[in-house]
Amino acid sequence: MENDVVLSVRDLVVQFTLRGQVLTAIRGASLDLHKGESLAIVGESGSGKSVFTKTFMGMLDKNGSVKSGEILYDGMDLAKFTTEAEWLKIRGRRIAMVFQDPMTALSPLMTVGKQIAETLELHQGLKGRAAKQKAIEILRDVGITDPERRYKQYPHEFSGGMRQRVVIAIAVACNPEILICDEPTTALDVTIQAQILDLLRDLQKRYGLTVIYITHDLGVVASVADRIAVMYAGDIVEIGKADEIFYDARHPYTWALLSSLPQLGERGEDLFAIAGTPPNLFRPVKGDAFAPRNPYALKVDFQYRPPYFDVSPTHKARTWLLDPRAPKVERPKNLDRIREMGGYIHE
Amino acid sequence: MSNTASDVLLSARDISVTFGKGKRAFRAVKNVSFDIYRGETFGVVGESGSGKTTIGRAIMRIQPLSGGEICYGGQRISGSIPPELDREMTRKIQMIFQDPMASLNERAKVEYIVAEGLYNISRYVSREYVKEAVSRALSDVGLLPEFASRFPHEFSGGQRQRIGIARALIMQPEFIVADEPISALDVSIRAQVLNLLQRLQRERKLTYLFISHDLSVMRFICDRIAVVHLGEIVELADTDTLYNHPLHPYTRALLSAIPVPNPQVEKEKKLLVYDPSVHDYAKDAPVFTEIEPGHFVLGNQKELDGYRERLAKG
């Protein structure tokens, strides 16, 4: 392992049993997470992006399990963990999570302060007044004004954005090394979304966090990610630095995702839409999973699963188009416009 | 686009909606006026709690007004109206809902869900007619007529939203209120549903009221946009004008917050935060004024002068 890699996933396979059938949600995905970076995992719903990160915290549903592969973290293989006792040392304490919906992630019956103090008591052994002091300090850290008063309030007295700040406060309360943010702003308004993203960026710097963002919003990705992993049908099909993915994507699925952005559309014309539906993961996938929806698919795509081809030392993609023998293919024209796209407010 | 008064399909005059009574009364919509032209897509954008959905519900006549009136094709449709007009409006104005997972009856087959509106406005619908109308509506939205005998849980989110659209189309409406119709959908499915909405509009000359908080989608689909803040329209203009020359500080704050899918721009982006205390409305009350043709903004005299100056600079 390189020395700045904090978490390394190797050929991870995750399966679920549903009504007697086996669904392979993650099909041999690998990923290295570097210290202090922010990595975004993008993909459609059902691509496995949430399941993938849930395995790092032992939070898979009961009918799911890691079939093979390794999750190496601090000399341990998390994939081998079987008991709750093992997970409790990691979950919340060293790898923490910010959930999508602040309405459901908080208990409506407990004051906000208690919920933060609870985490501190459980993981850091703080008691009574010390826990309260620390909780108030964290509330202030996440930008909640008048934290002493807010400490005693219930979640329903908070707005959506403020509630998400509380959820973040709980997640960072134990000084975790890795923070996983699962669609942290999907339930929020645009202006609040921008503020929460600012907060997360700021906390990352202050606490030296390594952050994984899970999102389907490429606009959010552009603002927060150093690196981007594109997931499709349980596998990472392309990974690279943010600039490499936005300006120089190589996988046809990444092209399709970017092309369908409404920001790239012209009024009165059709937006680019990906044809078809994702593959049925109850059945084994032959070749490249995206091939049936891919207008650029080659014959080989239907037969053999493509390996990763390196585009640069930091950028690789799983598509046969990068094979030296493949025919030259032009990427969609409208992707050139990403580079020119500016903000909407010019001073 | 040149619009004359005769093109106005729906007009709202000083409409207000109040929830609660007496001391606890809360005005969710405050004296809002706008016209929607035949065949256009009129967008209402705002944050949660701004009253955008309430405006849509008022037009649907689900929410009674506490003031003002709504006219459709020159006829008043708010308040108490004759039963024939009521029935006509129920047919002509239809709605598409936000969450396709929550807006379909889980216990009913698709055929019933799509045809329900027909049963409601006419008591004598022949079975053959319903069958044919349903299969036509389903194929109009790109679903197979065979789906009529299935239940909603057998469909994906995008397909369910199509069922929701088919249910509106079967009434042969003129005007559709679409309340966040794509917010709950995935990026790739979003594009399909947006394209479908645009195609239906072209083919049937539909008029849309499109309610959303997502300004990047609005820019793509709307002809004109009204920005709503705390129950008031603060700015209204055609889409290009609004995006190129936003005047009201709230509009500017909203636009500055849109995530741009360009990492270089996004990382240097400056966020404008709207602070309502910049307005000094104590002495000089704000007026909703047409500051240039077709471009309305809410402001007091001093602010309007400032806006005019900014427009003159270009």
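Residues numbered from 1 in each chain as written. Chains lettered and ligands numbered in written order. Predicted model: local features only at pLDDT ≥ 70, side-chain atom pairs only at ≥ 80, totals over all residues. Heavy atoms only, no water.

Draft legend 1. Spotlight on the packing of helix α4 (residues 112–124) of chain A against helix α7 (residues 160–172) of chain A. Residues and elements named next belong to chain A. Relative orientation of the contacting elements α4 and α7 amounts to 20°, with a least axis distance of 8 Å. Taken together, the axes of α4 and α7 are roughly parallel relative to one another. For the crossing formed where α4 meets α7, the hand is right-handed. Of α7, the residues touching α4 (which contributes V112, Q115, I116 and T119) are V166, A169 and I170. The residue makeup of the contact of α4 with α7, split by class, is five nonpolar, two polar and no charged. (Axes fitted to C-alpha atoms, helices over the stretch in contact; angles between N-to-C directions. Helix = DSSP H or I, 4+ residues; strand = E, 2+ residues; numbered from the N terminus. Parallel < 35°, antiparallel > 145°, perpendicular 65-115°, else oblique. Left-handed = near helix turned anticlockwise from the far one by under 90°. Contact = heavy atoms within 4.5 Å. Nonpolar A, V, L, I, M, F, W, Y, C, P; charged D, E, K, R; others polar.)

Draft legend 2. How the structure looks around the domain arrangement of chain A. All names here are of chain A. Along its sequence, chain A is organised into domain 1 (5–225) and domain 2 (232–340). Between domain 1 and domain 2, the C-alpha centre-to-centre distance is 29 Å. Between domain 1 and domain 2, the residue contacts involve 23 residues of the former and 20 residues of the latter. For the pairing of domain 1 and domain 2, the buried interface totals around 1,800 Å² over both sides, and the portion due to carbon and sulfur atoms is 59%. Per-residue buried area on domain 1 facing domain 2 is highest for R27, E44 and L218; these three make up 41% of the total on that side. For the interface between domain 1 and domain 2, the tally reads one salt bridge. (Domains from an automatic or database assignment. Buried area = accessible area lost by both parts, 1.4 Å probe. Salt bridge = Lys/Arg side-chain N within 4 Å of Asp/Glu carboxyl O.)

Draft legend 3. View of helix α5 (residues 157–169) of chain B. Residues and elements named next belong to chain B. Spanning 13 residues, α5 covers 19 Å between terminal C-alpha atoms, matching the ideal 18 Å at 1.5 Å per step. Counting buried residues in α5 gives twelve out of 13 residues, a clear majority hidden from the surface. Restricting attention to buried positions, one finds in α5 the residues G157, G158, R160, Q161, R162, I163, G164, I165, A166, R167, A168 and L169. Elements in contact with the buried residues of α5: β6 (93–96), α3 (110–121), α4 (127–140), β7 (175–179) and α6 (187–204). (Expected span 1.5 Å × (residues − 1). Buried < 20%, exposed > 50% of the residue type's maximum accessible area, 1.4 Å probe, protein only.)

Draft legend 4. Structural context of the domain arrangement of chain B. Residue and element names in this part refer to chain B. Domain boundaries in chain B define domain 1 (5–245) and domain 2 (246–314). Each of domain 1 and domain 2 has a C-alpha centre, and these two points are 28 Å apart. On the domain 2 side, the residues contacting the 20 residues of domain 1 number 18 residues. Across the domain 1/domain 2 interface, buried area totals approximately 1,600 Å², and carbon plus sulfur atoms make up 67% of it. If you look at where domain 1 meets domain 2, you find zero salt bridges. Our enumeration of links across domain 1 and domain 2 arrives at eight residue pairs in polar contact (both at pLDDT 80 or more). Element by element, the count of residues in the side of domain 1 that touches domain 2 is highest for strand β10 (residues 232–238), at seven residues. (Polar contact = N/O pair within 3.5 Å; in protein donor to acceptor, adjacent residues only side chain to side chain.)

Draft legend 5. Expanded view of the nonpolar core. Grouped together as the largest cluster of nonpolar side chains are 109 residues, with contacts concentrated most on L7(A), F52(A), I95(A) and L179(A). Mapped onto the domain boundaries, this core takes at least three residues apiece from domain 1 (5–225) and domain 2 (232–340) of chain A. In terms of nonpolar packing, the next biggest core, distinct from the first, is built from 66 residues, V141(B), L143(B), F155(B) and I225(B) among them. (Core = buried A, V, L, I, M, F, W, Y, C linked by side-chain atoms within 4.5 Å.)

Draft legend 6. Layout of a positive patch on the surface. Residues and elements named next belong to chain A. A cluster of basic residues, K114, R129, K132 and K152, forms a positive patch on the protein surface. As for its placement among the helices and strands, K132 is situated in helix α5 (residues 128–141). Accessibility expressed as a relative area gives 33% for K132, which makes it partly exposed. (Patch = residues over 30% accessible without salt bridge, like charges linked within 9 Å, V, L, I, M, F, W, Y side chains within 5 Å. Areas by Shrake-Rupley, 256 points an atom, 1.4 Å probe, with all protein chains shown as cover. Lys, Arg positive; Asp, Glu negative; His and termini not counted. Charge placed at Lys NZ, Arg CZ, Asp CG, Glu CD.)

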